[in-house]
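# Structural overview
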Amino acid sequence: GEDVEQSLFLSVREGDSSVINCTYTDSSSTYLYWYKQEPGAGLQLLTYIFSNMDMKQDQRLTVLLNKKDKHLSLRIADTQTGDSAIYFCAEKENSGYALNFGKGTSLLVTP
Amino acid sequence: DVKVTQSSRYLVKRTGEKVFLECVQDMDHENMFWYRQDPGLGLRLIYFSYDVKMKEKGDIPEGYSVSREKKERFSLILESASTNQTSMYLCASSQRGVTEAFFGQGTRLTVV
């Protein structure tokens, strides 16, 4: 499938904001997702955004989409130790069935 | 509550064995998926199914097959397990036309 790229690691201090970035190449992507995976668990959907939106906010989470640059970011405000996990960016075409995932960003939150 | 259940959390199998990984969803979803997850490689799609008895190859189908005889169950089959199939296997399901995919807890398979 088309490429979805993320940096592999991010370390932040508790209370700071975290920003996880993602780029994708498929211009026909209609839905863009952020999933969270805690150790030993499956993936949990955090939020998603339609390609005709440029921002979505949900409590501590803010998603920004720059469609021209094919860049997606996830900002976590007031990051807590419980936010330590792997975060996956994913995209899907409107006509597609399966999500295409990036390699995941491991977020480490230190006290 | 939404549920995707994989039959085993951990499995150890010998090289050459035939291995079955089972996944059941209770949400009446049309679509079901099998991914494998490896460090540094993320999630890669093995196979998916959009209806009973229907299947489509994903990005890495070699060495695998699938079966979907009932809507709620999607099985991944390793015909002759090899050590390079040691991995975390994740099943997911989604409703046709709906955005969210729900994941099971994963099966960590070790082939020795």
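Above this text is the structure in question.
A brief look at the structure comes next. Keep in mind that what you see is a predicted model, and the values were worked out from it rather than measured. (Residues numbered from 1 in each chain as written. Chains lettered and ligands numbered in written order. Predicted model: local features only at pLDDT ≥ 70, side-chain atom pairs only at ≥ 80, totals over all residues. Heavy atoms only, no water.)

### So, the interface of chain A and chain B
Between chain A and chain B, the residue contacts involve 19 residues of the former and 20 residues of the latter. With both sides pooled, the region where chain A packs onto chain B buries about 1,600 Å², and carbon together with sulfur makes up 60% of that total. Run the count over chain A and chain B and you get 0 salt bridges. There are 4 residue pairs in polar contact (both at pLDDT 80 or more) connecting chain A and chain B. Elements with a minimum of two residues in the side of chain A that touches chain B: strand 4 (29-37) and strand 5 (43-50) of chain A. A class-by-class count of the residues in the side of chain A that touches chain B yields 13 nonpolar, 5 polar and 1 charged. (Contact = heavy atoms within 4.5 Å. Buried area = accessible area lost by both parts, 1.4 Å probe. Salt bridge = Lys/Arg side-chain N within 4 Å of Asp/Glu carboxyl O. Polar contact = N/O pair within 3.5 Å; in protein donor to acceptor, adjacent residues only side chain to side chain. Helix = DSSP H or I, 4+ residues; strand = E, 2+ residues; numbered from the N terminus. Nonpolar A, V, L, I, M, F, W, Y, C, P; charged D, E, K, R; others polar.)

### Thoughts on the packing of aromatic side chains
Residues and elements named next belong to chain A. Applying the stated criterion across every chain yields a total of 15 aromatic pairs over all chains. Where Tyr-33 meets Tyr-35, the ring centres are 6.2 Å apart and the plane angle is 40°; that geometry is what we call tilted. Each member of the pair Tyr-33 and Tyr-35 is classed as buried. Ring geometry for Tyr-33 against Tyr-48: centres 6.0 Å apart, planes inclined by 45°, an arrangement best described as tilted. Of this pair, Tyr-33 sits in strand 4 while Tyr-48 sits in strand 5, and the two are 15 residues apart along the sequence. Note on Tyr-48: relative accessible area 24%, which makes it partly exposed. (Phe/Tyr/Trp six-rings, centres within 6.5 Å; stacked < 30°, edge-to-face > 60°. Buried < 20%, exposed > 50% of the residue type's maximum accessible area, 1.4 Å probe, protein only.)

### With respect to the pattern of salt bridges
Should the charged atoms of two oppositely charged side chains come close, the side chains can pair. All names here are of chain B. In this structure the tally under the stated criterion is 8 salt bridges over all chains. Glu-79 serves as the salt-bridge partner of Lys-18, at 3.6 Å between the closest nitrogen and oxygen. Of this pair, Lys-18 sits in the loop between strand 2 (10-13) and strand 3 (19-25) while Glu-79 sits in the loop between strand 8 (73-78) and strand 9 (87-94), placing them 61 residues apart in sequence. Since its relative accessible area comes to 45%, Lys-18 is described here as partly exposed. A salt bridge links Asp-28 to Lys-71, with the shortest nitrogen-to-oxygen separation between them at 3.1 Å. Highlighted residues: Asp-28 in the loop between strand 3 and strand 4 (31-38) and Lys-71 in the loop between strand 7 (64-70) and strand 8, separated in sequence by 43 residues.

### Some thoughts on the environment of Ile-76 of chain A
Relative to the helices and strands, Ile-76 of chain A is located in strand 8 (residues 71-76). Relative accessible area serves as the criterion here: at 1%, Ile-76 of chain A is assigned to the buried category.

### A closer look at the side chain of His-29 of chain B
All names here are of chain B. Summarising the element assignment, His-29 is placed in the loop between strand 3 and strand 4. Overall, the relative accessible area of 4% leaves His-29 in the buried class. Polar contacts involving the side chain of His-29 include one to the side chain of Ser-93, which spans 2.8 Å. Not counting residues within four places of it along the chain, the set of residues in contact with His-29 comprises Arg-68, Lys-71, Ser-93, Ser-94, Gln-95 and Phe-102.

### Some thoughts on the state of the cysteines
What is meant by a disulfide is a covalent connection between two cysteines, made through their sulfur atoms. By the definition in use, this model includes 2 disulfides over all chains. Between the sulfur atoms of Cys-22 of chain A and its disulfide mate Cys-89 of chain A the distance is 2.0 Å. Here Cys-22 of chain A and Cys-89 of chain A share a disulfide; its torsion about the S-S bond, -65°, makes the bridge left-handed. Of this pair, Cys-22 of chain A sits in strand 3 (residues 18-24) while Cys-89 of chain A sits in strand 9 (residues 85-93), and the two are 67 residues apart along the sequence. The pair formed by Cys-22 of chain A and Cys-89 of chain A is uniform in burial state, with each residue classed as buried. The disulfide partner of Cys-23 of chain B is Cys-91 of chain B, and the S-S distance across this bridge is 1.9 Å. Judged by the torsion about the S-S bond (-80°), the Cys-23 of chain B/Cys-91 of chain B disulfide is left-handed. With a gap of 68 residues between them, Cys-23 of chain B in strand 3 and Cys-91 of chain B in strand 9 connect regions that are remote in the sequence. (Disulfide = S-S within 2.5 Å.)

### Things to note about the sheet that holds strand 3 of chain B
Residue and element names in this part refer to chain B. The strand order across the open sheet built from 4 strands is 1-3-8-7, with neighbouring strands paired in antiparallel fashion. Both edges of this open sheet fall to strand 1 (4-6) and strand 7, since each of them pairs with a single strand only. Each adjacent strand pair in this sheet contributes to an overall mean axis angle of 20°, direction not counted. (Pairing = 2+ DSSP bridges. Axes fitted to C-alpha atoms, helices over the stretch in contact; angles between N-to-C directions.)

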